[in-house]
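Take a look at the letters that make up each chain.
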Amino acid sequence: MTSPDVRWPRPAGPLVLRPATDSDLDEVLRWRNRPEVTRWLLRTEVDPDAFRRVWRERAVDPTDHAAVALLGDRVVGTASLQVVDAMGQMHVDPGPWRGAEAELGYLVDPSHAGRGFATAIAGAMLDLAFGELGVHRVTAGCFADNSASWRVMEKLGMRREQHGVQDSWHAELGWVDGYTYAMLAEEWQRSRRTATGEGAA
Ligand SMILES: CC(C)(COP(=O)(O)OP(=O)(O)OC[C@H]1O[C@@H](n2cnc3c(N)ncnc32)[C@H](O)[C@@H]1OP(=O)(O)O)[C@@H](O)C(=O)NCCC(=O)NCCS
């Protein structure tokens, strides 16, 4: 949502991320249901009206930080970051586990795939998660066969923490393997310091 804690727009490499307008969503809908996009998604083909309604609802949900990615004035991707509770002992409530994790997601227009855009989008969302939102940990899941998606996470230094054997159901393939990746706040800060050369002798 457009929370006062979160600065929009925010840069993502050559792209700019910001909350979606109605016309942005119209642009997303031009590619959102293409088979290259839906092949490895859980929410496969979307109904345009339902899709717009869901984005409107997300815009007022304080735990949901969804954005579109623009290259100039073209919408070439989307990003999502949902803040959730971590596992935690409930007798301490509110405890550090409340709102301590965020789940990351990203989509790129297939006509712009392979140009590093998803990596730029996901990197900017990790900055948001570990920066303004101050979460402890970010996770993301994908089908094991979605190599482009897990490559994005590995390029950003996320760790494959789970290889679920046949834990995911795919409409064409049946039961297939899934991966869960994660990263901690301190790991992201360390990787930023290394990337900027900060702390180098
Ligand atoms: C997955 C997706 C987000 C990647 O977007 P992208 O902008 O092409 O990603 P990037 O260019 O930042 O990086 C992709 C990486 O995967 C690699 N890759 C792409 N297709 C691949 C394939 N079929 N097999 C193996 N690696 C592949 C690229 O070479 C690149 O890695 P490299 O930089 O080491 O060469 C995009 O393809 C997409 O939106 N797919 C449909 C929706 C989806 O699956 N979203 C993720 C849900 S978990």
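Per an unreviewed UniProt entry, the protein goes by GNAT family N-acetyltransferase and derives from Agromyces sp. G08B096.

Draft legend 1. Here's a closer look at the site of the ligand. Around the ligand, a shell composed of 22 residues is seen, among which Gly114, Gly116, Thr119, Arg151 and Lys155 lie nearest. Ala118 places a main-chain nitrogen or oxygen 3.0 Å from an oxygen atom of the ligand. Compared with its free state, where it exposes 950 Å², the ligand has 68% of that area covered by protein. The set of elements that each furnish at least two residues to the shell around the ligand consists of α2 (35-38), β5 (101-108), α4 (117-130), β6 (137-143) and α5 (147-155). Residue contributions to the shell around the ligand peak at six residues, all from α5. The residue makeup of the shell around the ligand, split by class, is eleven nonpolar, seven polar and four charged.

Draft legend 2. Just the packing of aromatic side chains, in detail. Considering all chains together, one arrives at four aromatic pairs under this definition. Measuring from centroid to centroid gives 6.1 Å for Phe51 and Trp55, while their planes differ by 50°, and the two rings are tilted. Of this pair, Phe51 and Trp55 both sit in helix α3 (residues 48-59), four residues apart, which is roughly one turn of the helix. Considered together, Phe51 and Trp55 belong to a single accessibility category, that of buried residues. For the pair Tyr179 and Tyr181, a centre-to-centre distance of 6.3 Å together with 75° between the ring planes defines the contact as edge-to-face. Summarising the burial analysis for this pair, Tyr179 and Tyr181 share the class buried. Site record: aromatic cluster; members linked through ring pairs are Trp150, Tyr179 and Tyr181. For the cation-ring pair, Arg58 lies above Trp55, with the distance from its terminal atom to the ring centre recorded as 4.9 Å. A cation over a ring is seen here: Arg192 above Trp188, with NZ or CZ 4.2 Å from the ring centre.

What counts as what
- Residues numbered from 1 in each chain as written.
- Predicted model: local features only at pLDDT ≥ 70, side-chain atom pairs only at ≥ 80, totals over all residues.
- Heavy atoms only, no water.
- Near = heavy atom within 4 Å.
- Polar contact = N/O pair within 3.5 Å; in protein donor to acceptor, adjacent residues only side chain to side chain.
- Areas by Shrake-Rupley, 256 points an atom, 1.4 Å probe, with all protein chains shown as cover.
- Helix = DSSP H or I, 4+ residues; strand = E, 2+ residues; numbered from the N terminus.
- Nonpolar A, V, L, I, M, F, W, Y, C, P; charged D, E, K, R; others polar.
- Phe/Tyr/Trp six-rings, centres within 6.5 Å; stacked < 30°, edge-to-face > 60°.
- Buried < 20%, exposed > 50% of the residue type's maximum accessible area, 1.4 Å probe, protein only.
- Lys NZ or Arg CZ within 6 Å of the ring centre and 35° of its normal.

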